[in-house]
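Tertiary structure, described
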Amino acid sequence: MPKLSKRKYLFCLIPLTITCLFFVSNSIAEQKTGYDVSPKELLNKKILRMFEDNTLTLAAEIHYWRIPPDTWKERLKQIKEANITTISTYVPWNFHEYEVGKYDFIGETDSKRNLEGFLKLCEEFGLKVIIRPGPYINAEWKGWGYPYRILTTDEILVKDPNGKSVEYQALDFWDKSYTQKPTVGFPSYHNPKYLAEIGKWYDALCPIIRKHAINNGGCIILIQPDNEICHHFIYGAYQLDYNSSSIDLYHSWLKKRYGNLIKLNKIYQEKYNDFSEVKPPIKQMIDASQLPYYFDWARFREYILTEYISVIHKMFKERGINLPILTNVIGYGVQNYRKFAEVSDIVGQGFHQPNYPGSCLIDLWKYNDATTSISWSGEFMSGTWNPYQEVKVPDISEKFQMVNALAYEVKGFVLYMFVDRDIWHDGAIGIDGEIRSKYYLFKKMAEIMKEDNPIKYRRMTDVALLHYRPYYWASFLGISGLKHDNAAIHNNYINTFFWYLQSHDVDFDITEIGNLSNYKLVFAILGDFMDAKDAKKLISYVKNGGTLVILPNIPNIDLDGLQMNELRKIMDINDEAESNISQIDTSYGNIKYDGNATTYKAVGNAFAKSQNGSCGYISPYGKGKFITLGFWLDKAGDDVLNGILNQAQINDYASTDDKSSEAELHLSGKGEILLYVVNREHIKKDVKVALNLNYLQIKPDDKVNIIDVLSGQKIYVEGSNSLWTGKDLKDKIPLHFDGQDAVMMKIVRIP
């Protein structure tokens, strides 16, 4: 695989600038960006302190009501002895409300309901608590935590476009007393009767939370209202929610967005007399003139979730609970993590695939890091759930996923589950108290994360891949009627281009549009549309010295469907045409290419030509440059990519000689070095890792220790017991993998 030292220069040779390590390691603290304000700037100081003191770096999930109360004390003791100081638990509404309006939190009706006693035990052991009271908890628990009446009251439930309740068949973890799994619905998030029911539940529970809150001398440090807020895992754009309360909210949202009907009618090309006349979309768009109308539906679907979070957060504050708020999410869906970060103190990402094939969730971790204040997993799956049989998860898989997540800047985890319970198997501790081998793995990880806190490190990269949310909307909505298949463009970005860069050992982040200034190079996969303000942000990025690669299209309409030529004007590009081509000529000769490409006429320097015209341009602007590609980079071989990386003076911080393995370099503000190497394939292999010694300022005679952090063993120069020198490192670090695995190494300079 091509490496930095071997890259052929497509443009002109520009020597790499060797930057002072101290400067770099301080600058990367501000590296992750979102919109105009970095989501990192939203990080609550209380939350930051919880990471700095290791409260949130590793926590253990235990469900008190699903294990015998006489074992609570022993299980908490075992957790504490694993070097873990924080536990997390749900509080199931439908278990504590044993009759309508009657609640038990002290174990009068069932000893497993003694939440008060459980929290007192946590305080005795000095354990901090993340409490998760729903209303929705999932947790493989009957009714997902809802009382049965909530799921069967038709007025409350989400509706389809015909006004019928959307039915959902309960899973096998539903109450086993049912001879047949019931068909139920889900509540509409903003239905007044549903919110009133939540209020009664919180009225009963909040005195317990308030009593045991950390600011009252108790153990509860963080509260997570609801769970996995994602339209109940029903992702279709036109399946829900057409409940009357949701439609009322839609109309009030439109009024807030547009201010008056004159503006809405102009953009929608309609003649409405009242906002209430606007009917929400019920099928896919086929007319390009409807683009703003459909995009508003996507925006509103996101708003439903964000506003629901705000509403239930407010409920707690009204009941005297002044604790940081956690929002736990799962998957991309129509969830807008960036907006969640604005209304929450921390956003946690659920991870529920202990042996995820291929991607290993790298894309999700990178996206989570780009859009939230701190990348953290509120549910990091340990063991597995299965209602039919016990399933074992190998320790190597647990280790792989945890080290893999750390490599991509996840700063902490809640191990879900740490203690087994019904319908959960192979956690660190069995229901009967059995200590399993993975218990010692997690104990070691807790020790490592305490001694070398992940919060102080940043993964090094100069490159970002732009995630432009409106292309997700196009995919979600099934947008058609435009020149290009914009949904396919989004999917190509997720499934193809991401892995093209990853497999070529390009260190890159995912970022959202806005403050991109900490990246030297940004790849932007674009289609037909872009907001004019966003286009100006890209132009500003280039003007200030960035290199922006745009492929395979240059947007020419805004999100209202109107002409938008800001990018084309700056780049002096016009007269595009699409055709099928078989080769692209560059300064390297002919590159075989099979597919469509776009050719342009432009003032810039044409560096790539097909038989039908120029399909690649460099357009200098300000201190930076636009690079326009009318073809898919991943289909054009490696030379074009290597040329772009060199043109932008990209540092290759760490790399491997294997396309299915990645090396990720992390630096602390004090210049401490961590090196992660991840092998995604389930095969034995030998891998060699190269470091950018110039960047790290390691000279040929410098001596270093390389330590496998998990085992504590030193890694010696191949074929000897010698310590490493800079000269040895030039020959690369040899590693052997017996299968899918990840290694975490510390590189320590010897004075």
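So, how was this worked out
Residues numbered from 1 in each chain as written. Predicted model: local features only at pLDDT ≥ 70, side-chain atom pairs only at ≥ 80, totals over all residues. Heavy atoms only, no water. Helix = DSSP H or I, 4+ residues; strand = E, 2+ residues; numbered from the N terminus. Rg over C-alpha atoms; globule rule 2.2 N^0.38 Å. Buried < 20%, exposed > 50% of the residue type's maximum accessible area, 1.4 Å probe, protein only. Contact = heavy atoms within 4.5 Å. Areas by Shrake-Rupley, 256 points an atom, 1.4 Å probe, with all protein chains shown as cover. Lys, Arg positive; Asp, Glu negative; His and termini not counted. Charge placed at Lys NZ, Arg CZ, Asp CG, Glu CD. Pairing = 2+ DSSP bridges. Axes fitted to C-alpha atoms, helices over the stretch in contact; angles between N-to-C directions.

1. What to know about the overall build of the chain
The secondary structure content of the chain amounts to 21 helices and 30 strands. Here the chain has a C-alpha radius of gyration of 27 Å; the compact-globule value for 751 residues is 27 Å, and the two agree. For the chain, the proportion of its 751 residues judged to be buried stands at 62%. Considering only intrachain contacts with a sequence separation of at least 6, the fraction spanning at least 24 residues in the chain is 76%. Approximately 28600 Å² of the chain is accessible, and the part contributed by carbon and sulfur atoms is 49%. Computing the positive centroid from 87 side-chain charges and the negative centroid from 92, the chain places the two 4 Å apart.

2. Here's the deal with the sheet that holds strand 13 (residues 457–459)
Reading across the sheet, the six strands line up as 13-24-25-30-27-28 and stay open at both edges, with antiparallel pairing between neighbours. Of all strands in the sheet, those bounded by a partner on one side alone are strand 13 and strand 28 (724–725). Sheet analysis places strand 25 (residues 673–679) next to strand 30 (residues 741–750), joined by seven bridges and oriented antiparallel. Counterpart to Leu674 in the pairing with strand 30 is Lys746.

3. Quick look at the sheet that holds strand 5 (residues 128–134)
Overall, parallel pairing links the eight strands, which are arranged 8-5-2-1-12-11-10-9 in an open sheet. With one partner strand each, in any of the chains shown, strand 8 (220–225) and strand 9 (326–329) form the two edges of the open sheet. If you compare each strand with its neighbour and ignore which way they point, the axes differ by 25° on average. Looking at chain direction, strand 1 (residues 58–61) and strand 12 (residues 413–416) are connected through three bridges and run parallel. Paired with Leu58 across the two strands is Phe413, which belongs to strand 12. The strands touched by helix 12 (residues 362–371) are strand 10 (346–351) and strand 11 (377–381); relative to strand 10, the strand with the most contacts, the crossing angle is about 175°.

4. A word on unusual backbone geometry
Geometrically, the link from Leu240 to Asp241 is a cis peptide bond, its omega value of 0° lying close to zero. Summarising the element assignment, Asp241 is placed in the loop between strand 8 and helix 8 (244–258). Of note, the bond from Tyr416 into Met417 is cis; its omega dihedral lies within 30 degrees of zero at 0°. One non-glycine residue with positive phi stands out, namely Asp426, at about 65°. Of note, Asp426 is situated in the loop between strand 12 and helix 14 (437–451). Exposure remark for Asp426: the relative accessible area of 7% places this residue in the buried category.

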